[in-house]
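Tertiary structure, described
So you can see what is in the structure, the chains are spelled out below.
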Amino acid sequence: MKYYIIAGEASGDLHASRLMRSLKKEDPDAQFRFFGGDMMAAEGGTMVRHYRELAYMGFIPVLLHLPTILGNMKMCKRDITEWQPDVVILVDYPGFNLSIAKYLKEKTNIPAYYYIAPKIWAWKEYRIKSIKRDIDQLFSILPFEKEFFEGKHHYPIHYVGNPTQDEVEEFMTSEPQNLKTSKPIIALLAGSRRQEIKDNLPAMIEVTKEHADRYDIILAGAPSIEKEYYEQFVNGTHVNVVYNQTYPLLRQATAALVTSGTATLETALFNVPQVVCYETPIAKVFGFLRRHVLKVKYISLVNLIANKEVVTELVADTFSVENIRKELAAILPGGSGRDAMLEGYAEVRQRLGNNKAPDNAARIIVRLLKS
């Protein structure tokens, strides 16, 4: 069968590549065409656009690149229509992918399957209308989403397990790829977009300065960000940058400072105590919105899955160098919060279960298409 897959970010490239690998096991004749990245390309098929040409975040960047975004969307719709796949599999990236799903429903008979459900439980819950209308099958990787979609919105979904858990477990059982360091490590995971890095990294560097005599401070470089962008922040500091080595870094880290997103869950699954740091423009306004408008109590996947505060979240009006310094001290060896956080991580792993997400999803996808 023919599978058209759309992933718009580095994390989507990773998860989609694993799904492609599982689909090939279920369907040896699988053909792929995709918007994605290097990891998907390594699984075979034809790359139409790299995600680097898609990933814009924030009102101003989106506005500045609007002609490019609209051009990519138009080209994607045309390309799907010409190739006529058996299914289009959408991976996260809802702003782009929900528009594609609407087009498929209105203009074609090609089904849209969504792998890694949009996080509408946190923001833009109104999107449930377009999901119900345009998405034929929805695949969730977070256990609490089942109650949200099925219990609250009466829309059946497939919880297939969490691919990040699979990826971390697979890495942990592989041959060690250790970083060459002389001291224990404090890891910095400052996000995968320029704005996130600009907002969060300077404070992370400032806080870890006082630990540089006892720890190697290592920043995980995002694959979509060029080396030159990081240099303006790290040149002349105590911080070293490594690329494409986030998992080796986390396997060796003693503690971490992490922005929100999948990185918080990866850090927890590697059993590394962390402080979640997420600076935003107009912090007091965002702090008010978080308390009174946003639909969820937490921003980190770790706390959302546990349904309680396992990791400290310093977001918007609570984000400060002094607060980060205090919380980092609490999770370093001998700190007051380290043991409790590690106990909370065990509960998170239990809630995720032991399913192999890409294998489960591939089995269901092929069965549904054949039937």
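Preceding this section is the structure that the text describes.
Let me begin by describing the structure that accompanies this report. Since this is a predicted model, take the numbers as computed values, not measurements.

Definitions and cut-offs
- Residues numbered from 1 in each chain as written.
- Predicted model: local features only at pLDDT ≥ 70, side-chain atom pairs only at ≥ 80, totals over all residues.
- Heavy atoms only, no water.
- Pairing = 2+ DSSP bridges.
- Helix = DSSP H or I, 4+ residues; strand = E, 2+ residues; numbered from the N terminus.
- Core = buried A, V, L, I, M, F, W, Y, C linked by side-chain atoms within 4.5 Å.
- Buried < 20%, exposed > 50% of the residue type's maximum accessible area, 1.4 Å probe, protein only.
- Contact = heavy atoms within 4.5 Å.
- Salt bridge = Lys/Arg side-chain N within 4 Å of Asp/Glu carboxyl O.
- Axes fitted to C-alpha atoms, helices over the stretch in contact; angles between N-to-C directions.
- Parallel < 35°, antiparallel > 145°, perpendicular 65-115°, else oblique.
- Nonpolar A, V, L, I, M, F, W, Y, C, P; charged D, E, K, R; others polar.
- Expected span 1.5 Å × (residues − 1).

1. Quick word on the sheet that holds strand β7 (residues 158-159)
Sheet strands pair via backbone hydrogen bonds, and the direction of the pair is either parallel or antiparallel. Read from one edge to the other, the open sheet built from seven strands follows the order β3-β2-β1-β4-β5-β6-β7, with strand pairing classed as parallel. Lying at the two open borders of the sheet, with one neighbouring strand each, are β3 (46-50) and β7. Pairing of strand β1 (residues 2-7) with strand β4 (residues 87-91), which is carried by five bridges, proceeds in the parallel orientation. Residue pairing in the sheet places I5 in a bridge with I89 of β4.

2. Quick word on the nonpolar core
Grouped together as the largest cluster of nonpolar side chains are 128 residues, with contacts concentrated most on I89 and L201. Setting aside chain neighbours within four positions, we find I89 in contact with Y3, Y4, I5, I6, L19, L23, Y113, Y115 and I365.

3. Section: the pattern of salt bridges
Under the defined criterion, the tally for this structure stands at 20 salt bridges. Among the salt bridges present, the one from D92 reaches K119, with a minimum N-O distance of 3.6 Å. Highlighted residues: D92 in the loop between β4 and α5 (94-107) and K119 in the loop between β5 (112-115) and α6 (128-134), separated in sequence by 27 residues. Two residues, E347 and K308, come together in a salt bridge whose shortest N-O distance is 3.0 Å. Of the two residues, E347 is situated in helix α16 (residues 338-352) and K308 in the loop between α14 (301-306) and β13 (312-315); the sequence distance between them amounts to 39 residues. The class of E347 is partly exposed, set by a relative accessible area of 22%. By relative accessible area, K308 is classed as partly exposed at 37%. Members of the salt-bridge network, linked through shared partners, are E9, R193 and E196.

4. As for the packing of helix α1 (residues 10-26) against helix α8 (residues 163-172)
Orientation of α1 relative to α8, taken along the N-to-C sense of each, is 80°, at an axis distance of 11 Å. Classified by the angle between their axes, α1 and α8 sit roughly perpendicular to one another. Residue-level inspection shows L14, H15, R18 and R21 of α1 in contact with α8, the latter providing P163, T164, E167 and E170. Across the contact of α1 with α8, the residue classes break down as two nonpolar, two polar and four charged.

5. Points about the sheet that holds strand β9 (residues 216-221)
Taken in spatial order, the six strands of this open sheet run β10-β9-β8-β11-β12-β13, and their pairing is parallel. Of all strands in the sheet, those bounded by a partner on one side alone are β10 (239-243) and β13. Averaged over all adjacent pairs, the angle separating strand axes in this sheet is 25°, with direction ignored. Two strands pair when backbone bridges link them, and strand β8 (residues 185-189) and β9 are joined in this way by four bridges, in the parallel orientation. Pairing of L188 across the sheet is with L219, part of β9.

6. Remarks on the pairing of β13
On β13, burial covers both faces: T312 and L314 on one face and E313 and V315 on the other are all buried. As paired strands, strand β12 (residues 274-278) and β13 are joined by four bridges and run parallel to one another. Residue pairing in the sheet places V275 in a bridge with T312 of β13.

7. What to know about the side chain of Q165
Inspection of the secondary structure puts Q165 in helix α8. In this structure Q165 comes out as buried when scored by relative accessible area, which is 3%. Among residues more than four places away in sequence, those in contact with Q165 are L269, R349, L352 and G353.

8. Details of α1
The terminal C-alpha atoms of α1 lie 25 Å apart, and with 17 residues this matches the ideal 24 Å at 1.5 Å per residue to within 8%. Taken together, the buried positions of α1 are G12, D13, L14, H15, A16, S17, R18, L19, M20, S22 and L23.

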